[in-house]
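Now for the letters of each chain:
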Amino acid sequence: MDQLTLATRTQLTSQTGLEDLIPDLTGDTISFAGGLPDPAQFPKQAISDSFQRVLANNGLDALQYHNAKGYLPLREQLAARLARENTHIDANEIILTQGAQQGLDLTAKLLLNKGDHIVVEAPTYVGALAAFAAYEPRYHEIPLENDGLDLTLLNKVLLTQKIKLIYTIPNFQNPTGIVMSLAKRQQLIELANRYDVIILEDDPYHDLRFAGESLPSLKALDTEGRVISLGSFSKVLAPGLRIGWLVAAPALLRQIRYLKDGADLESPTLPQQVISDYLIHNDFDAHLDSLRKNYLVKRNWMLDALRKNLPAGFTYTQPEGGFFLWLTGPKSLNFERLLREEVAPKEHLLYVPSTHLYASNQVLNSARLSYATYDQATIELGIQKLSRALTAEALRLNA
């Protein structure tokens with residue numbers, strides 16, 4: 001083993017920060033790091049009933065091998081739900097994946113050669129950067145404005161560089177919680193058509209809007225089949241089922257299916273059939289409405305705690321949906337150092353520092369906080385711990 005030479009891609013994927021999102025926790029640690037849904041909202045009994053029905057009525061088929069496209073009835077159910085917002089697709093344009101995360105990897109594997117130029121939001125989802133890293137792209141970071149990507153800067157990049165892929169999270173952006181406006185969604189589609197670029201739309205929080213006006217997905221606005229769109233049951237049903245989906249034009253989906261064949265043959269069929277059964281026997285829209293109400297309350301708990309406890313000099317977003325808000329401090333603050341040396345070991349508190357949420361790894365003074373998991377008392381205690389550490393750090397920096 002001493003002489004073993006690993007592939008060079010291991011050097012690119014070993015320090016992405018993704019492993020810090022869901023660490024092994026001690027009993028008194030509060031983690032605002034991972035985007036973990038509230039476990040109290042898992043429809044445990046309904047899912048248990050679906051498992052029982054599937055195994056009793058279709059067990060031999062559910063336990064057998066199937067193809068990489070995924071369980072056809074579930075793909076048809078997804079197509080019907082997507083059609084509600086004029087996304088004109090059918091089941092043959094959907095492939096079921098192991099969470100949306102696999103969709104990121106499959107899309108990168110489909111499109112990216114070493115050195116290809118791609119656009120990412122600044123900041124962006126750490127898991128996407130981890131998925132892209134193995135394929136060695138060259139990043140162009142486009143800052144976020146209050147209503148999404150800075151399209152003026154994006155247009156300048158598209159004029160001067162051959163961009164292969166634009167990666168975006170238009171709804172309740174991870175990590176900032178920002179929503180891309182309808183006008184910018186339409187303009188982004190126009191830019192992609194003009195410059196012959198594929199858009200990768202990562203949209204796992206689409207159904208978790210608890211304030212503001214619902215907006216069509218980029219896929220719903222797609223006019224030339226340029227949008228590959230990802231969704232997931234992890235945030236709205238249960239992440240342990242590990243089922244997501246990828247929507248793409250048939251020519252793209254065919255090649256993605258071949259790549260998935262080589263990766264894992266298929267996503268597990270049993271949970272696919274369980275989800276399909278759940279959708280038949282339960283009011284999924286009522287469940288989503290309950291989730292929205294729950295996460296609105298949790299967001300408000302965290303916003304209230306921040307208002308009460310944060311020292312001066314900090315700002316934060318107020319998301320209209322999803323799981324995250326974005327905390328920004330003075331330019332001199334290093335949230336990464338503070339986490340490693342002070343907050344985690346002394347306060348037993350975790351968050352995601354901004355370092356790994358930028359492709360450049362150059363921004364240090366921001367952090368992602370998730371309000372999705374805990375009750376009010378725990379959220380307030382966690383924010384008090386964080387505020388205490390930030391106050392001490394501000395005093396140290398100003399000394």
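Residues numbered from 1 in each chain as written. Predicted model: local features only at pLDDT ≥ 70, side-chain atom pairs only at ≥ 80, totals over all residues. Heavy atoms only, no water.

J.: Explain helix α6 (residues 151-160) here, please?
T.: Side chains that are three or four residues apart share a direction in an α-helix, a result of its 3.6 residues per turn. Among the residues making up α6, those that are buried are Leu151, Leu154, Val157 and Leu158. Projection of α6 onto a plane perpendicular to its axis shows the buried side chains occupying an angular sector of 110°, all on one side. Those residues of α6 that are exposed and aimed more than 90 degrees away from the buried face are Thr152, Lys156, Leu159 and Thr160. In this structure, the buried residues of α6 make contact with β3 (117-122), β4 (138-145), β5 (148-149), β6 (163-168) and α7 (182-195). The opening residue of α6 is Asp150, an N-cap whose side-chain oxygen sits 3.2 Å from the backbone nitrogen of Thr152. (Buried < 20%, exposed > 50% of the residue type's maximum accessible area, 1.4 Å probe, protein only. Helix = DSSP H or I, 4+ residues; strand = E, 2+ residues; numbered from the N terminus. Arc of directions from axis to C-beta. Contact = heavy atoms within 4.5 Å. Polar contact = N/O pair within 3.5 Å; in protein donor to acceptor, adjacent residues only side chain to side chain.)

J.: For this particular structure, what's the right way to read the side chain of Glu201?
T.: Among the secondary structure elements, Glu201 is positioned in strand β7 (residues 198-202). Summary of buried charges: Glu201 has no salt-bridge partner, and the nearest side chain of opposite charge, Arg185, is 5.1 Å away. Reaching out from Glu201, the side chain makes a polar contact with the side chain of Ser229 at a distance of 2.8 Å. Excluding its chain neighbours within four sequence positions, the residues that come into contact with Glu201 are Thr168, Pro170, Ser217, Leu218, Lys219, Val227, Ile228, Ser229 and Leu230. (Lys, Arg positive; Asp, Glu negative; His and termini not counted. Salt bridge = Lys/Arg side-chain N within 4 Å of Asp/Glu carboxyl O.)

J.: Please clarify how the pattern of salt bridges should be interpreted in this entry.
T.: For side chains of opposite charge, pairing can occur when their charged atoms come near one another. Using the criterion set out here, one finds 24 salt bridges in the structure. Among the ionic pairs, Arg337 bridges to Glu341, the shortest N-O distance being 2.7 Å. Residue Arg337 and its partner Glu341 are both found in helix α12 (residues 335-347); the two are separated by 4 residues, about one turn of the helix. What makes Glu341 partly exposed here is its relative accessible area of 46%. Within the structure, one salt-bridge network assembled from shared partners comprises Arg337, Glu341, Glu393 and Arg396.

J.: Honestly, the packing of α12 against helix α13 (residues 376-398) in this entry has me stumped. Any pointers?
T.: Viewed as axis vectors pointing N to C, α12 and α13 meet at an angle of 130°, and their least axial separation amounts to 11 Å. Accordingly, the angle class assigned to the pair α12 and α13 is oblique. Pair α12 / α13 crosses with right-handed handedness. On α13, the residues that touch Phe335, Arg337, Leu338, Val343 and Glu347 of α12 are Lys385, Arg388, Ala389, Leu390, Glu393 and Arg396. (Axes fitted to C-alpha atoms, helices over the stretch in contact; angles between N-to-C directions. Parallel < 35°, antiparallel > 145°, perpendicular 65-115°, else oblique. Left-handed = near helix turned anticlockwise from the far one by under 90°.)

J.: How should I be thinking about the sheet that holds strand β13 (residues 352-353) in this particular structure?
T.: Across a sheet, strands are paired by hydrogen bonds formed along the backbone, either parallel or antiparallel in direction. One open sheet holds the 4 strands; their spatial order is β10-β11-β14-β13, and the pairing between them is antiparallel. Each edge of the open sheet is held by one strand with a lone partner, namely β10 (315-316) and β13. Inspection of the sheet shows β10 paired to strand β11 (residues 324-328) by 2 bridges, in the antiparallel sense. Within β11, the position partnered with Thr315 by the bridge is Thr328. (Pairing = 2+ DSSP bridges.)

J.: Got a minute to help me understand the nonpolar core in this structure?
T.: Grouped burial of nonpolar side chains is what soluble globular proteins tend to show. Phe233 and Leu369 are the most contacted members of the largest nonpolar core, which has 98 residues in total. At 8 residues, the largest contribution of residues to this core is made by helix α11 (residues 284-309). Apart from residues no more than four positions distant in its own chain, Phe233 is found in contact with Leu74, Leu78, Ala238, Ile243, Gly244, Trp245, Ile275, Leu279 and Phe284. Within the second largest apolar cluster, 21 residues are counted, among which are Leu149, Val157, Ile163 and Leu218. (Core = buried A, V, L, I, M, F, W, Y, C linked by side-chain atoms within 4.5 Å.)

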